[in-house]
Amino acid sequence: MLRLEYEKQEIEQVIDRIVKKTMNMDLTWDWPCGVAYYGISDAYEKTGKQEYLELLKDRIDELIDLGLPAVWTVNACAMGHCLITLYQATSEQKYYDILMSKINYITNDALRFGDHVLQHTVSAKNDFPEQAWADTLFMAAFLLLRVGVMNKDEAMIDDALNQYYWHIKYLQNPDSGFYYHGYNNITGDHMSGIYWGRANAWAAFTMSKVSDILPECYLYPKYIDIAGSLNEQLAALKTVQTENGLWRTVLDDPESYEEVSASAGIAAAMLNRGNPLHSKYINKSIRGLLANVSEEGKVMNVSGGTAVMRDIEGYRSIPKAWIQGWGQGLALTFFATLLVSNDIAKDGAL
């Protein structure tokens, strides 16, 4: 069992501040909103605070009334996560119908390459031909898995696990255990070859959720790859945690700044994994992350939206001054998971 050091009331107050600040942001129907509202959904599910559900429902209803985007993208599918929560909490068909329109896009219309691997897309254009990005694991693969399990759809589950499997093969360095930001199937390389912090958070966090979501996960051979990949990644990540309990925007670069969204996602993955040997690293993260939440609920020192940059200086230079939906959402899921950490028990063999 994890041995963690925190005050429950303090964490609940921090969650409350972050939720209220997030709901004051002018987020629209795309991935910043998707990650932010995933965090609010997770906070609702783990705290049981009806207020969070009502805030979320009111805002999503407003966005629906204003009109949905004409086309979906891989990134925009991140909004499906909060729709799952709203549908399960209210049984309102409109949330399910929009959710399934996203699933239909991923299944039938999204660009793919190789072994049916989703190409990362951020617009209606062919933005990054035959490129796999770690971001896709959160925006689409994780969503496919959640809906596949909810609907008992084995084909959808298989597609989701296939996305995990190939993103592991394309993006994880088997020598270091770290994940590259992206892979270009046309050139057969990792482009600038950077171990971007938030890419590692997308991978670690979403892999850490598979065993929670998928019943009898051990009966799916591709899950064994997920568990093995995550174990190696977390063992590597603990070696580059800073003294402040955080991780850098380029993991192995001491000149890169500490980045809070990556740190929250990685620490949340450690919480989900439940390995007691990670307790001391999580405790450092608790202190480090609390120090980066303002009195108003802004999660600070979160890097802006980041493409696969040309070189390491590109990653070092991404600004971190502004509030970002993904910073709010990943911090929320870390703190919310912390509150239920005593209930997390994992099979050490997997």
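Shown above is the structure to which this text applies.
So, a few notes on the structure that sits alongside this text. (Residues numbered from 1 in each chain as written. Predicted model: local features only at pLDDT ≥ 70, side-chain atom pairs only at ≥ 80, totals over all residues. Heavy atoms only, no water.)

**Concerning the overall build of the protein**
Thought 1: If you tally the helices and strands in the protein, you get 13 helices and six strands.
Thought 2: Taking 2.2 N^0.38 as the reference for a compact globule, 350 residues should give roughly 20 Å; the C-alpha atoms of the protein span a radius of gyration of 18 Å, in line with that estimate.
Thought 3: C-alpha atoms of the protein, sized along the principal axes, occupy 45 × 45 × 40 Å.
Thought 4: Pairs at least 24 apart in sequence give 71% of the contacts found in the protein among residues at least 6 apart. (Helix = DSSP H or I, 4+ residues; strand = E, 2+ residues; numbered from the N terminus. Rg over C-alpha atoms; globule rule 2.2 N^0.38 Å. Contact = heavy atoms within 4.5 Å.)

**A few points about the packing of aromatic side chains**
Thought 1: One pass over the full model with this rule turns up 19 aromatic pairs.
Thought 2: Seen in terms of ring centroids, Phe-138 and Trp-202 are 5.2 Å apart; in terms of plane orientation they differ by 45 degrees. Their pairing is tilted. Of the two residues, Phe-138 sits in helix α6 (residues 135–150) while Trp-202 sits in helix α8 (residues 197–213), which places them 64 residues apart along the sequence.
Thought 3: Taking the relative accessible area as the measure of exposure, Phe-138 reaches 0% and is therefore buried.
Thought 4: Arranged with centres 4.4 Å apart and planes meeting at 5 degrees, the rings of Tyr-170 and Tyr-183 form a pair that is stacked. Here Tyr-170, found in helix α7 (residues 154–171), pairs with Tyr-183, found in strand β4 (residues 182–184); they are 13 residues apart in sequence, far enough to count as distant.
Thought 5: Assessed through its relative accessible area of 11%, Tyr-170 is described here as buried.
Thought 6: The class of Tyr-183 is buried, set by a relative accessible area of 12%.
Thought 7: Each member of the aromatic cluster is reached from another via a ring pair, and the members are Tyr-38, Phe-138, Phe-142, Trp-202 and Phe-205.
Thought 8: Over the face of the ring belonging to Phe-142 we find Arg-146, whose NZ or CZ atom lies 5.8 Å from the ring centre.
Thought 9: Over the ring of Tyr-257 we find Lys-320; its NZ or CZ atom is 5.3 Å from the centre of that ring. (Phe/Tyr/Trp six-rings, centres within 6.5 Å; stacked < 30°, edge-to-face > 60°. Buried < 20%, exposed > 50% of the residue type's maximum accessible area, 1.4 Å probe, protein only. Lys NZ or Arg CZ within 6 Å of the ring centre and 35° of its normal.)

**Things to note about the layout of surface pockets**
Thought 1: Within this model, the largest pocket holds a volume of roughly 390 Å³.
Thought 2: What lines the largest pocket is a set of 21 residues, and nearest its centre among them are Glu-45, Arg-146, Lys-209, Asp-212 and Ile-213.
Thought 3: Elements represented by at least two residues in the lining of the largest pocket include exactly α2 (31–47), α4 (80–90), α6 and α8.
Thought 4: Partitioning the lining of the largest pocket into residue classes produces eight nonpolar, five polar and eight charged. (1 Å grid on protein atoms, 1.4 Å probe; cavity = no way out; pocket = protein on both sides within 12 Å on 5 of 7 lines; lining within 4 Å. Points joined across faces, edges and corners; volume = space filled by probe spheres on them. Nonpolar A, V, L, I, M, F, W, Y, C, P; charged D, E, K, R; others polar.)

**Side note on the packing of α7 against helix α9 (residues 221–237)**
Thought 1: Running from N to C, α7 and α9 point in directions that differ by 45 degrees, and their axes come no closer than 9 Å. One finds that α7 runs oblique with respect to α9. In terms of crossing hand, the pair formed by α7 and α9 is left-handed. Contact residues: α7 offers Leu-161, Asn-162, Tyr-164, Tyr-165, Ile-168 and Lys-169, while α9 offers Lys-222, Asp-225, Ile-226 and Ser-229. (Axes fitted to C-alpha atoms, helices over the stretch in contact; angles between N-to-C directions. Parallel < 35°, antiparallel > 145°, perpendicular 65-115°, else oblique. Left-handed = near helix turned anticlockwise from the far one by under 90°.)

**Section: the pattern of salt bridges**
Thought 1: Here the structure, examined in full by the defined rule, presents 19 salt bridges.
Thought 2: Among the ionic pairs, Lys-46 bridges to Asp-42, the shortest N-O distance being 2.6 Å. Separated by four residues within a single helix, Lys-46 and Asp-42 lie in helix α2, roughly one turn from each other.
Thought 3: Arg-112 is the partner of Asp-159 in a salt bridge, and the nearest nitrogen-oxygen pair spans 2.9 Å. Here Arg-112 lies in strand β1 (residues 112–113) and Asp-159 lies in helix α7, a separation of 47 residues in the sequence.
Thought 4: Connected through salt bridges with shared partners, the residues Asp-16, Lys-20, Lys-49 and Glu-51 form a single ionic network. (Salt bridge = Lys/Arg side-chain N within 4 Å of Asp/Glu carboxyl O.)

**As for α4**
Thought 1: For α4, every residue scored as buried is listed here: Gly-80, His-81, Cys-82, Leu-83, Ile-84, Thr-85 and Leu-86.
Thought 2: Contact partners of the buried residues in α4: α2, α3 (50–66), α5 (93–109) and α6.
Thought 3: Ser-91 sits one or two residues past α4 and shows a positive phi near 60 degrees.

**What to know about the packing of α3 against α4**
Thought 1: Packing of α3 against α4 brings their axes to within 11 Å, and their N-to-C directions diverge by 110 degrees. Taken together, the axes of α3 and α4 lie roughly perpendicular to each other. Here the hand of the crossing between α3 and α4 comes out left-handed. From α3, Leu-53, Leu-56, Lys-57 and Ile-60 reach across to α4, where they touch Cys-82, Leu-83, Thr-85, Leu-86, Ala-89 and Thr-90.

**Side note on the environment of Gly-228**
Thought 1: If you trace the backbone, Gly-228 turns up in helix α9.
Thought 2: Remark: the alpha-carbon pair of Gly-228 and Leu-350, spanning 122 residues in sequence, is separated by 7.6 Å.

**Looking at the nonpolar core**
Thought 1: In this structure, Ile-15, Tyr-37, Ile-60, Leu-145, Phe-334 and Phe-335 are the most contacted members of the largest nonpolar core, which totals 128 residues.
Thought 2: Residue contributions to this core peak at 11 residues, all from α6.
Thought 3: Sequence-distant contacts of Ile-15, defined by excluding residues within four places in its chain, comprise Ala-43, Tyr-52, Leu-332, Phe-335, Ala-336 and Leu-339. (Core = buried A, V, L, I, M, F, W, Y, C linked by side-chain atoms within 4.5 Å.)

**Observations regarding the environment of Met-1**
Thought 1: Here Met-1 is to be found in the segment before α1 (8–23).
Thought 2: In sequence terms Met-1 and Pro-276 are 275 residues apart; their C-alpha atoms lie 5.4 Å from each other.
Thought 3: Beyond its immediate stretch of four places on either side in the chain, Met-1 contacts Pro-276 and Asn-342.

**Observations regarding helix α11 (residues 279–290)**
Thought 1: Helix length check: α11 (12 residues) gives 16 Å between terminal C-alpha atoms against 16 Å at 1.5 Å per residue, within 8%.
Thought 2: Where burial is concerned, most of α11 is hidden: nine out of the 12 residues are buried.
Thought 3: Turning to α11, its buried residues number three or more, namely Ser-279, Tyr-281, Ile-282, Asn-283, Lys-284, Ser-285, Ile-286, Gly-288 and Leu-289.
Thought 4: Of the surrounding secondary structure, the elements contacted by the buried residues of α11 are β5 (247–248), α10 (260–273) and α13 (325–339). (Expected span 1.5 Å × (residues − 1).)

Treat this as a map of the structure, not an account of what it does.
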